[in-house]
Amino acid sequence: MSLTDFFLRKPPEFEIFPIEPEDGRVLASLHKARFARAWSDGEFHSLLSQDTVFGFIAWQTNASGRPAGGFVLARAAAGEAEILTIGVDTRFERAGLGWRLMQAALREARMRGSQEIFLEVDEGNLAALRLYEKLGFAKVGERKAYYEQAGRRSTALVMRRDLR
């Protein structure tokens, strides 16, 4: 980075907002960049129309066009919650967005009466595993050959965290 870049470019700043049904297209675009089996805007819209589903999106506040930096989508019912999906734009990795989005989801799950929360993660996704472990999630199970990407099958780790 040049001195000019250092002094003239501000680091990205984000605010976390609840996801709105009209955010489906943006969510689908972010999801497509992160996952081999991407969800469509219609799938996001369908999920967001359910009372049990909620999520948060990080909008960049110091850039023109307010790009989305990441999102988390979750579901809460019968005292349990589940992280359905989370994705952070590769340009903003390691900027703390995943942590902030997960904190928002954990708070909302608690507010909805959930006593525990679950998620599934590819055993090879080391960055996500580190984040989830820092957030207090622990492995409680496995789903062998659950994920498929580029002809390779990998194990999903089922993780849980107490919210009480």
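The model shown is predicted, which means the values in this text are computed figures rather than measured ones.

Criteria and cut-off values
- Residues numbered from 1 in each chain as written.
- Predicted model: local features only at pLDDT ≥ 70, side-chain atom pairs only at ≥ 80, totals over all residues.
- Heavy atoms only, no water.
- Phe/Tyr/Trp six-rings, centres within 6.5 Å; stacked < 30°, edge-to-face > 60°.
- Buried < 20%, exposed > 50% of the residue type's maximum accessible area, 1.4 Å probe, protein only.
- Core = buried A, V, L, I, M, F, W, Y, C linked by side-chain atoms within 4.5 Å.
- Helix = DSSP H or I, 4+ residues; strand = E, 2+ residues; numbered from the N terminus.
- Contact = heavy atoms within 4.5 Å.
- Axes fitted to C-alpha atoms, helices over the stretch in contact; angles between N-to-C directions.
- Parallel < 35°, antiparallel > 145°, perpendicular 65-115°, else oblique.
- Left-handed = near helix turned anticlockwise from the far one by under 90°.
- Nonpolar A, V, L, I, M, F, W, Y, C, P; charged D, E, K, R; others polar.
- Polar contact = N/O pair within 3.5 Å; in protein donor to acceptor, adjacent residues only side chain to side chain.
- Pairing = 2+ DSSP bridges.
- Arc of directions from axis to C-beta.
- 1 Å grid on protein atoms, 1.4 Å probe; cavity = no way out; pocket = protein on both sides within 12 Å on 5 of 7 lines; lining within 4 Å.
- Points joined across faces, edges and corners; volume = space filled by probe spheres on them.

### Points about the packing of aromatic side chains
Remark: the centre distance and the inter-plane angle together describe each pair of aromatic rings, the angle taken between the planes. Within the structure shown, the criterion is met by six aromatic pairs. Pairing tryptophan 39 with phenylalanine 44 gives two aromatic rings, centres 5.4 Å apart and planes at 50°, and the pair type is tilted. Given the relative accessible area of 22%, tryptophan 39 is considered partly exposed. The exposure class of phenylalanine 44 is buried, given its relative accessible area of 0%. In textbook terms, an aromatic cluster arises when at least three aromatic residues are bridged by ring pairs, as seen for Trp39, Phe44 and Phe71.

### Focus on the nonpolar core
Judged by nonpolar contacts, the single largest core of 31 residues is most densely connected at Met102, Tyr132 and Phe137. Taken together, the elements giving at least two residues each to this core come down to strand S2 (53-60), strand S3 (68-77), strand S4 (80-88), helix H4 (97-111), strand S5 (116-122), helix H5 (126-134) and strand S7 (152-162). No other element matches the seven residues that H4 contributes to this core. With residues up to four places along the chain from it excluded, the contact list for methionine 102 reads Val72, Ile83, Ile86, Leu119, Leu131, Tyr132, Leu135 and Phe137.

### A closer look at the packing of H4 against H5
For the pair H4 and H5, the least separation of the axes is 11 Å and the interaxial angle reads 45°. Here H4 lies oblique to H5, going by the angle between them. Both H4 and H5 take part in a crossing whose hand is right-handed. Side by side, H4 and H5 meet where Gly98, Trp99 and Met102 of the first sit next to Leu131, Tyr132 and Lys134 of the second. A per-class count over the contact of H4 with H5 returns four nonpolar, one polar and one charged.

### What about unusual backbone geometry?
You will see that arginine 94, though not glycine, has its phi angle at about 65°, which is positive. Within the element layout of this structure, arginine 94 appears in the loop between S4 and H4.

### Overview of the side chain of histidine 31
With respect to the secondary-structure elements, histidine 31 resides in helix H2 (residues 24-34). Histidine 31 gets classed as buried once you look at its relative accessible area, which sits at 2%. A polar contact is formed between the side chain of histidine 31 and the side chain of threonine 85, at a distance of 3.1 Å. If we skip the residues at most four places from it in the chain, histidine 31 touches Arg37, Ala38, Trp39, Phe44, Phe71 and Thr85.

### Focus on the pairing of S7
In this sheet, S7 lies alongside S5 in antiparallel orientation, the contact comprising seven bridges. Among the inter-strand pairings, isoleucine 117 is bridged to a residue of S7, identified as arginine 161. The sheet contact formed by strand S6 (residues 138-149) and S7 spans eight bridges and is antiparallel. Looking at the pairing, tyrosine 147 lines up with serine 154 of S7. From the end of S6 to the start of S7, which pair antiparallel, there are two residues, and alanine 150 there has a positive phi angle of about 50°.

### Brief notes about helix H3 (residues 41-48)
Taken as a whole, H3 has its buried residues at Phe44, Leu47 and Leu48. Take H3 and look down its axis: the buried residues cluster within an arc of 95°, on one side only. Of the surrounding secondary structure, the elements contacted by the buried residues of H3 are H2, S2, S3 and S4.

### Focus on the layout of surface pockets
Approximately 1,500 Å³ is the volume found for the largest pocket. In this structure, the largest pocket is lined by 39 residues; those nearest its centre are Phe35, Ile86, Asn125, Ala128 and Tyr132. Contributing elements (two or more residues each) for the lining of the largest pocket: H2, S4, H4, S5, H5, S6 and S7. In terms of residue count, the dominant contributor to the lining of the largest pocket is S4 (seven residues). Residues belonging to the lining of the largest pocket are distributed by class as follows: 19 nonpolar, nine polar and 11 charged.

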